[in-house]
Number of protein chains: 2
Amino acid sequence: MISITILGTGNVAQNLFEAFLASDTVTMIQVVGRNIEKLNYFKTRASLGTYDDELKPADIYILAISDDAIQEISHSLKLNGLLVHTSGAMPLSILSTHTRIGAFYPLQTFTAGKIMDFSMIPICIEANNEKDTQLLNELANAISSTVKRIDSQKRKALHLSAVFVNNFSNFMYTIGEQICSENAIDFSLLTPLIEETAHKIKSIPPYKAQTGPARRGDQKTLHTHLALLKNKNQREIYTLLSNSLKVMYTGQNPNPKNQ
Amino acid sequence: MISITILGTGNVAQNLFEAFLASDTVTMIQVVGRNIEKLNYFKTRASLGTYDDELKPADIYILAISDDAIQEISHSLKLNGLLVHTSGAMPLSILSTHTRIGAFYPLQTFTAGKIMDFSMIPICIEANNEKDTQLLNELANAISSTVKRIDSQKRKALHLSAVFVNNFSNFMYTIGEQICSENAIDFSLLTPLIEETAHKIKSIPPYKAQTGPARRGDQKTLHTHLALLKNKNQREIYTLLSNSLKVMYTGQNPNPKNQ
């Protein structure tokens, strides 16, 4: 049995809370936060606390708060045990005012009010000694079927990769939605295409799955599309991504003078 | 009963063939192509032909070939009936040497060797007279539960939107895969995140679903990421997309001198 305390009340904290509560090898000691309204979510099912309290003894304290608050909050914490954060971008060293430290990074995007099936979510773990790494491994395996030891440097690269596949892809969806909206087209027509594009890469590497006018070097369609885009920023994005794809797939250099 | 002939032997042609064959309101007259090897796919289940033949009588001829071949091939066709292409980018007028013309655009990405469930694929139809539009509507309803009348101008905008949500998103996956590969990280760790990002927009508009350092205006993480990217083109893409997101969400102008 592993005893844990969750520090934080946001989407990640709520999702971890639900997953750990459903596991019979984890005991929930406390949920700690500063936002009373958000702490309400947990009140009937956990003992609550604030960051200023002397925290109750637990094996692992999980700091599930935003990146820019980790340093300040962790400095003020009075605890005995293993302290881990859940950030993809932050190294272990950000917790260095404590002795036993680690990371417990669930590689997923969490949405307010939506509880995810944690068994499918990869968890990347790291600690500053082997015994604690094993403890985190045990904790992660209690809720997920994919647990990986990833050090701070690799975690940073993984987080950068996640920015491309998640944040930037979602931005592409937003631009697609704007184009539909400007042309009175129902954006939901595109959802089967979006889902299939994401699904496809499980069986075909994305480099091989690439299609479209830029991959084919189809200048005529590229020019038609640019003429359709009224927004300067959208034209810039279309041009840069199309030119990059052309170079990648056809070896064509779209702007020889600039090289 | 609607009788049809498919012209073309690629992924779209194969997928349409399977969908129509499974429908009991459509009769397959012929599959026509120039690539003997690809025609083999159909030979036990359809009468075959080449583009130079006088085509057998059919209600609708579906030209499922690449955009840049439509004009030339359609000019050479000897047929009587409604001729439609399956292109998102091309207007009806590209078929104008024929009298009864239209478009039958399935909004999906097709992969060699993979047969899709057509009932979930939106089909956008257009014809140059109301009777033929109704005929296409009937044909599309035989295989799909989402059929929309979309004129050439709107279809072009829809295709442009599809380039962003499909081609460009897939390119983001490729860059994510490259970053993983350079750092000896298993890219499949990211597939649950990729699928959830795509799935999410069915319940939350992408504009609202956006997360990440650029949306938050988190300069520290943005600089860390740029320092990690060794590839000049990847740095350019990261910078342009992050700056665009920052302007969109925080109103911050990242490069006041350039405006």
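Everything below is about the structure shown above.
Reading the values: the criteria
- Residues numbered from 1 in each chain as written.
- Chains lettered and ligands numbered in written order.
- Predicted model: local features only at pLDDT ≥ 70, side-chain atom pairs only at ≥ 80, totals over all residues.
- Heavy atoms only, no water.
- Phe/Tyr/Trp six-rings, centres within 6.5 Å; stacked < 30°, edge-to-face > 60°.
- Helix = DSSP H or I, 4+ residues; strand = E, 2+ residues; numbered from the N terminus.
- Lys NZ or Arg CZ within 6 Å of the ring centre and 35° of its normal.
- Contact = heavy atoms within 4.5 Å.
- Buried area = accessible area lost by both parts, 1.4 Å probe.
- Salt bridge = Lys/Arg side-chain N within 4 Å of Asp/Glu carboxyl O.
- Polar contact = N/O pair within 3.5 Å; in protein donor to acceptor, adjacent residues only side chain to side chain.
- Nonpolar A, V, L, I, M, F, W, Y, C, P; charged D, E, K, R; others polar.
- Least-squares fit on C-alpha atoms with pLDDT ≥ 70 in both.
- 1 Å grid on protein atoms, 1.4 Å probe; cavity = no way out; pocket = protein on both sides within 12 Å on 5 of 7 lines; lining within 4 Å.
- Points joined across faces, edges and corners; volume = space filled by probe spheres on them.
- Pairing = 2+ DSSP bridges.
- Buried < 20%, exposed > 50% of the residue type's maximum accessible area, 1.4 Å probe, protein only.
- Axes fitted to C-alpha atoms, helices over the stretch in contact; angles between N-to-C directions.
- Parallel < 35°, antiparallel > 145°, perpendicular 65-115°, else oblique.
- Left-handed = near helix turned anticlockwise from the far one by under 90°.

A. Region of the structure containing the packing of aromatic side chains. On inspection of all chains with the given rule, the structure shows 16 aromatic pairs over all chains. Between tyrosine 41 of chain B and phenylalanine 42 of chain B the ring centres are 4.9 Å apart and the planes differ by 80°, which places this aromatic pair in the edge-to-face class. A centroid spacing of 5.1 Å and a plane angle of 85° characterise the contact between phenylalanine 164 of chain B and phenylalanine 168 of chain B, whose relative ring orientation is edge-to-face. Pair noted here: phenylalanine 164 of chain B and phenylalanine 168 of chain B are both in helix 5 (residues 152-182), with a separation of four residues, about one helical turn. One aromatic cluster is present, built from ring pairs that chain together Phe17, Tyr41 and Phe42 of chain A. Above the ring of tyrosine 41 of chain A, the side-chain terminus of arginine 45 of chain A is found at 5.6 Å from the ring centroid.

B. The arrangement of the interface of chain B and chain A in detail. If you look at the interface, chain B gives 85 residues, while chain A gives 85 residues. Summed over both partners, the interface of chain B with chain A comes to about 8200 Å²; 70% of that surface belongs to carbon and sulfur atoms. At the surface where chain B touches chain A, the tally comes to four salt bridges. The residue lysine 202 of chain B makes a salt bridge to glutamate 195 of chain A at a minimum N-O spacing of 3.0 Å. Taken together, the links from chain B to chain A amount to 34 residue pairs in polar contact (both at pLDDT 80 or more). Those elements that place two or more of their residues in the side of chain B that touches chain A are helix 5, helix 6 (191-200), helix 7 (206-209), helix 8 (213-216), helix 9 (219-228) and helix 10 (232-250) of chain B. Broken down by element, the residue count for the side of chain B that touches chain A peaks at 27 residues, all from helix 5 of chain B. Split by residue class, the side of chain B that touches chain A holds 44 nonpolar, 28 polar and 13 charged.

C. Expanded view of the relation of the copies chain B and chain A. You can overlay chain B on chain A at an RMSD of 0.0 Å; the transform is a turn of 180° with a shift of 0.0 Å along its axis. Those values place the two copies in the arrangement expected of a two-fold rotation axis. Closest approach to the rotation axis within chain B is made by the C-alpha atom of serine 169 of chain B, at a distance of 2.4 Å. Comparing interface residues between copies, 100% of those in chain B also lie at the interface in chain A; the contact surface is shared.

D. Focus on empty space enclosed by the protein. For the coordinates displayed, the defined rule picks out one cavity of 30 Å³ or more. There is about 30 Å³ of room inside the largest cavity. Lining the largest cavity we find Gln210, Thr211, Gly212, Pro213, Ala214, Arg215, Ser242 and Leu245 of chain A together with Val163, Asn167 and Phe168 of chain B. Elements that contribute at least two residues to the lining of the largest cavity include exactly helix 8 (213-216) and helix 10 (232-250) of chain A together with helix 5 of chain B. Split into classes, the residues belonging to the lining of the largest cavity amount to five nonpolar, five polar and one charged.

E. Region of the structure containing the sheet that holds strand 5 (residues 82-85) of chain B. Ordered in space as 3-2-1-4-5-6-7-8 (chain B), the eight strands form an open sheet in which the pairing is mixed. At either margin of the open sheet sits one strand with a lone partner, and together these are strand 3 (48-49) and strand 8 (147-149) of chain B.

F. Region of interest: the pairing of strand 1 (residues 2-7) of chain A. All names here are of chain A. Across the six residues that make up strand 1, a large majority, six, are buried. Both faces of strand 1 are covered, namely the face carrying Ile2, Ile4 and Ile6 and the face carrying Ser3, Thr5 and Leu7. With six bridges joining them, strand 1 and strand 2 (residues 26-32) adopt parallel strand pairing. Note on strand 2: the bridge partner recorded for isoleucine 4 is methionine 28.

G. Quick peek at helix 1 (residues 11-21) of chain B. Residues and elements named next belong to chain B. Here helix 1 lies mainly inside the structure; eight of its 11 residues are buried. Taken together, the buried positions of helix 1 are Ala13, Gln14, Asn15, Leu16, Phe17, Glu18, Ala19 and Phe20. Turning to helix 1, the residues buried within the fold contact strand 1 (2-7), strand 2 (26-32), strand 4 (60-63), strand 6 (101-106) and helix 4 (130-141).

H. Molecular detail of the packing of helix 5 of chain B against helix 10 of chain B. Residue and element names in this part refer to chain B. One can describe the packing of helix 5 onto helix 10 by two numbers: an axis separation of 12 Å at closest approach and a directional angle of 125°. If you check the angle between helix 5 and helix 10, you find them oblique. The interaxial crossing formed by helix 5 with helix 10 has left-handed handedness. Of helix 10, the residues touching helix 5 (which contributes Phe171, Met172, Ile175, Gln178 and Ile179) are Gln234, Ile237 and Leu241. Classifying every residue of the contact of helix 5 with helix 10 gives six nonpolar, two polar and no charged.

I. How the structure looks around unusual backbone geometry. Here the phi dihedral of alanine 184 of chain A falls at roughly 55°; this positive angle occurs in a residue that is not glycine. Structurally, the position occupied by alanine 184 of chain A is in the loop between helix 5 (152-182) and helix 6 (191-200).

J. Up close: the sheet that holds strand 5 (residues 82-85) of chain A. Residues and elements named next belong to chain A. Strand order in this open sheet of eight strands is 3-2-1-4-5-6-7-8, and the pairing throughout is mixed. Each end of this open sheet is capped by a strand with a single partner; those strands are strand 3 (48-49) and strand 8 (147-149). Here two bridges tie strand 2 to strand 3, and the two strands are oriented parallel to one another. What sits directly across from valine 31, in strand 3, is leucine 48. Running at roughly 25° to strand 6 (residues 101-106), helix 5 makes contact with strand 5, strand 6 and strand 7 (123-127) of the sheet.

So far we have only geometry, and geometry alone does not tell us how the molecule works.
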